[in-house]
Amino acid sequence: MGNVAPLDGNFRDESTTNDSDEVLVSRVRAGDNDAFETLFERHRSMALYIASRQADNVADVEDIVADAFVAVLQYLTAGKGPDTFFRAYLLTTVRRIAYKANQAGSRTRPTESYLLDSAELHHDSILA
């Protein structure tokens with residue numbers, strides 16, 4: 001996973017600007033892609049941490065975080081989304097996307113009754 005969020009909860013701000021999230025959000029809305037990159041660097045490790053705690057499948061963590069950042073960027077450029085509290089908005093988006101990924105993953109898992117039915121069908125066909 002490359003730069004994975006630390007599991008010990010020690011997160012660091014990897015951004016190189018001292019601008020507040022509120023200022024950066026305003027800049028993103030004005031079309032400044034560098035401002036969004038700063039938000040990404042600043043909040044990526046926490047988003048990975050939350051996704052790793054919410055996702056049923058570890059392989060989904062990076063995708064969940066990427067999808068969350070894309071969704072937030074789309075909201076911001078459309079004039080929607082947060083004005084303040086960027087991190088809270090992002091992490092809520094991460095949780096929602098993780099929930100959807102978990103639901104989608106659970107639909108593809110065989111249930112116990114399916115496994116029992118399959119075993120009975122297979123057993124019956126052997127005896128016939």
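## Some points on the pattern of salt bridges
For the coordinates displayed, the defined rule picks out five salt bridges. The partner of Asp32 in a salt bridge is Arg27, and the shortest N-O contact between them spans 2.9 Å. By relative accessible area, Asp32 is classed as partly exposed at 23%. In this structure, Arg44 and Glu62 form a salt bridge, with 3.3 Å as the shortest nitrogen-oxygen distance.

## Topic: the packing of helix α2 (residues 33–54) against helix α3 (residues 61–77)
With their axes 9 Å apart at the nearest point, α2 and α3 run at an angle of 140 degrees to one another. Comparing their axes, α3 and α2 come out oblique. α3 is crossed by α2, and the crossing has right-handed handedness. Here Phe36, Leu39, Phe40, His43, Arg44, Ala47, Leu48, Ala51 and Ser52 of α2 come into contact with α3, specifically with Val61, Glu62, Ile64, Val65, Phe69, Leu73 and Leu76. For the contact of α2 with α3, the residue count by class is twelve nonpolar, two polar and two charged.

## With respect to the packing of aromatic side chains
Tallying each qualifying case throughout the model produces four aromatic pairs. Ring geometry for Phe36 against Phe69: centres 6.0 Å apart, planes inclined by 85 degrees, an arrangement best described as edge-to-face. Of this pair, Phe36 sits in helix α2 while Phe69 sits in helix α3, placing them 33 residues apart in sequence. By relative accessible area, Phe69 is classed as buried at 3%. Ring geometry for Phe36 against Phe86: centres 6.5 Å apart, planes inclined by 85 degrees, an arrangement best described as edge-to-face. Note that Phe36 is positioned in helix α2 and Phe86 in helix α4 (residues 86–107), a separation of 50 residues in sequence. One exposure class covers both Phe36 and Phe86, and it is buried. A network of ring pairs unites the aromatic residues Phe36, Phe40, Phe69 and Phe86 as a single cluster.

## What to know about the packing of helix α1 (residues 21–29) against α2
Orientation of α1 relative to α2, taken along the N-to-C sense of each, is 140 degrees, at an axis distance of 8 Å. Taken as axis vectors, α1 and α2 run oblique relative to one another. Considering the relative orientation of α1 and α2, their crossing is left-handed. Where α1 approaches α2, its residues Asp21, Leu24, Val25, Arg27 and Val28 are matched on the opposing element by Ala35, Phe36, Thr38, Leu39, Arg42 and His43. Considered class by class, the residues forming the contact of α1 with α2 number six nonpolar, two polar and three charged.

## What about the confidence of the model for the protein?
Looking at the protein as a whole, the pLDDT averages 83, with 70% of positions reaching at least 70. Of all the helices and strands in the protein, helix α5 (residues 112–127) carries the lowest mean pLDDT, 55, while α3 carries the highest, 98. Note on residues 1–8: pLDDT under 50 across the span, and 17 contacts to partners over four residues away in sequence or across chains.

## Topic: unusual backbone geometry
In this model, Phe85 sits at a positive phi of 55 degrees, which is unusual for a non-glycine residue. Positionally, Phe85 belongs in the loop between α3 and α4. Since its relative accessible area comes to 67%, Phe85 is described here as exposed.

What counts, and at which threshold
- Residues numbered from 1 in each chain as written.
- Predicted model: local features only at pLDDT ≥ 70, side-chain atom pairs only at ≥ 80, totals over all residues.
- Heavy atoms only, no water.
- Salt bridge = Lys/Arg side-chain N within 4 Å of Asp/Glu carboxyl O.
- Buried < 20%, exposed > 50% of the residue type's maximum accessible area, 1.4 Å probe, protein only.
- Axes fitted to C-alpha atoms, helices over the stretch in contact; angles between N-to-C directions.
- Helix = DSSP H or I, 4+ residues; strand = E, 2+ residues; numbered from the N terminus.
- Parallel < 35°, antiparallel > 145°, perpendicular 65-115°, else oblique.
- Left-handed = near helix turned anticlockwise from the far one by under 90°.
- Contact = heavy atoms within 4.5 Å.
- Nonpolar A, V, L, I, M, F, W, Y, C, P; charged D, E, K, R; others polar.
- Phe/Tyr/Trp six-rings, centres within 6.5 Å; stacked < 30°, edge-to-face > 60°.
- pLDDT = per-residue confidence, 0-100.

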